[in-house]
Amino acid sequence: MGVHRGRPRILCVGTAAIDTIAVVPTMPLRDSRVTSPLFRTAGGGPAATAAVTIARLGLPVEFCGVVGRDEIGDAAVAGLVAAGVGVHHVERRADITTAQSMILICADDASRTIITQPAPPPRALPTGFDWIHLDHAGYPALSSELRRSATVSLDDGNAVDNLDLHGLDLYVPTAEVVRRRFTTDSVAASAARARAAGAATVVVTDGGAGASLHTEAGSYASRAFGVEVNSTLGAGDVFHGALVAGLANGRDARSAVDYANACAALSCRAIDGQSGIPSPAEVAALLQSPAFAAPPGECRDEGVSC
């Protein structure tokens, strides 16, 4: 993973969407009806939320993805612009409908159910960026040339089809995805297989259990933070954006994982996936708080993070 002189040029590639969110007391059963005290419409999409996070943390970032020539597309692009994300590489197409999601958040435990309409991959990716971060919709557009010319990060939370890890500098799956993909009972063993398959650095997210870093030098567990959670929607996408921002801004890998963990935790104070993304000062305050006073230890595959 490279640290670049001056301001790093970062590109996030994949889905920009509009989310319609409802909070419900319990998840509805088939042929049932529940009432919601809160409906909200907000920007979403894994790569778009990562880009908004990077912008909120103070780094310049561009988004590349496909949206329709429709009102939803207008809203998605306007939201990115308002957040400070560059949209010069957004592809507007009349033959598609912009990606959108319907999301139910259960009030008693902040769990969620998501119904989503996917976005197609962009036809081509621009060059000249130091970092390229991709979600499952952006990955098919990644070329061999870009694997060589940029530091490449991949979000494998929504499992990527036809995955080739060769040339990936940073591979970030969920614990569930990496165990299923590499058929082991252990995150550490699965991460080792991912590295053997070509990924230089592996960071595995595990929701409320935290995250773990796996490199040639060893493994490291970053604990979760005890924060008030209203919704976990978008927290993984915020983690990815903050991880890229931390690394691109010169943090070492362990520090960047802790930074991303804190940023994702704070984002859970909001119902939607983007409005709760914290400022750099808020992240720094959480990292200096008693909630993170005791140093995490080596990842030994016996705790929740591994």
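Quantities reported herein were computed from a predicted structural model and do not represent experimental measurements.

## Observations regarding the overall build of the chain
When its secondary structure is counted, the chain shows eight helices and 13 strands. Radius of gyration (C-alpha) of the chain: 18 Å, near the 19 Å computed for a compact globule of 306 residues. In the chain, which comprises 306 residues, the proportion classed as buried is 53%. Here the chain displays about 13400 Å² of accessible surface, and carbon together with sulfur accounts for 51% of that area.

## With respect to the confidence of the model for the chain
Averaged over all residues, the pLDDT of the chain is 91; the fraction at 70 or higher stands at 93%. The model gives residues 294–306 a pLDDT under 50, and that stretch makes 34 contacts with residues more than four places away or in other chains.

## Focus: the packing of aromatic side chains
Both the distance between ring centres and the angle between the ring planes are used here to describe each pair of aromatic rings. Taken as a whole, this structure holds zero aromatic pairs when the rule is applied. Across from the ring centre of Phe129, 4.2 Å away, lies the NZ or CZ of Arg9, which sits over that ring.

## Brief notes about the sheet that holds strand S8 (residues 131–134)
Taking strand neighbours across the sheet as the criterion, the nine strands line up as S5-S4-S1-S8-S9-S10-S11-S12-S13 in an open arrangement whose pairing is mixed. Only two strands of the sheet have a single neighbouring strand rather than two, namely strand S5 (86–93) and strand S13 (218–222). Taken pair by pair, the neighbouring strands of this sheet meet at an average axis angle of 15°, ignoring direction. Direction of pairing for strand S9 (residues 151–156) relative to strand S10 (residues 170–173): parallel, over a ladder of four bridges. Of the residues in S10, the one forming a bridge with Asp155 is Val172. Strands strand S4 (61–68) and S5 of the sheet are contacted by helix H2 (residues 71–82), whose axis makes an angle of about 175° with S5. Docked against the sheet, helix H5 (residues 187–196) engages S10, strand S11 (201–205) and strand S12 (211–215), running at close to 40° with respect to S12.

## Examining the sheet that holds strand S7 (residues 112–117)
The sheet built from four strands is open, its strands ordered S3-S2-S6-S7 with mixed pairing. A single partner strand is all that each edge strand has here, and the edge strands are strand S3 (38–44) and S7. Between one strand axis and the next, the sheet turns by 20° as a mean value, whatever way the strands run. Sheet analysis places strand S2 (residues 17–24) next to strand S6 (residues 100–106), joined by seven bridges and oriented parallel.

## Brief notes about the environment of Ile103
Take Ile103: it is sitting in strand S6. In this structure the C-alpha to C-alpha distance between Ile103 and Leu243, which are 140 residues apart in sequence, comes to 25 Å. Every residue in contact with Ile103, bar those within four places of it in the chain, is listed here: Asp19, Thr20, Ile21, Ala22, Arg112, Thr113, Ile114 and Leu233.

## A word on the state of the cysteines
Using the criterion set out here, one finds zero disulfides in the structure. Free of any disulfide, Cys64 has its nearest cysteine sulfur in Cys12, 10 Å distant. The cysteine Cys106 is free of any disulfide, with Cys268 supplying the nearest cysteine sulfur at 16 Å. When its relative accessible area of 6% is taken as the criterion, Cys106 is described as buried.

## Description of unusual backbone geometry
The phi torsion at Asp31 lies on the positive side, around 60°, for a residue other than glycine. Its location among the elements puts Asp31 in the loop between S2 and S3. Residue class for Asp31 comes out exposed when judged on its relative accessible area of 81%. In this structure, Asn162 is a non-glycine residue whose phi angle is positive, near 50°. Topologically, Asn162 is positioned in the loop between S9 and S10.

Conventions and cut-offs
- Residues numbered from 1 in each chain as written.
- Predicted model: local features only at pLDDT ≥ 70, side-chain atom pairs only at ≥ 80, totals over all residues.
- Heavy atoms only, no water.
- Helix = DSSP H or I, 4+ residues; strand = E, 2+ residues; numbered from the N terminus.
- Rg over C-alpha atoms; globule rule 2.2 N^0.38 Å.
- Buried < 20%, exposed > 50% of the residue type's maximum accessible area, 1.4 Å probe, protein only.
- Areas by Shrake-Rupley, 256 points an atom, 1.4 Å probe, with all protein chains shown as cover.
- pLDDT = per-residue confidence, 0-100.
- Contact = heavy atoms within 4.5 Å.
- Phe/Tyr/Trp six-rings, centres within 6.5 Å; stacked < 30°, edge-to-face > 60°.
- Lys NZ or Arg CZ within 6 Å of the ring centre and 35° of its normal.
- Pairing = 2+ DSSP bridges.
- Axes fitted to C-alpha atoms, helices over the stretch in contact; angles between N-to-C directions.
- Disulfide = S-S within 2.5 Å.

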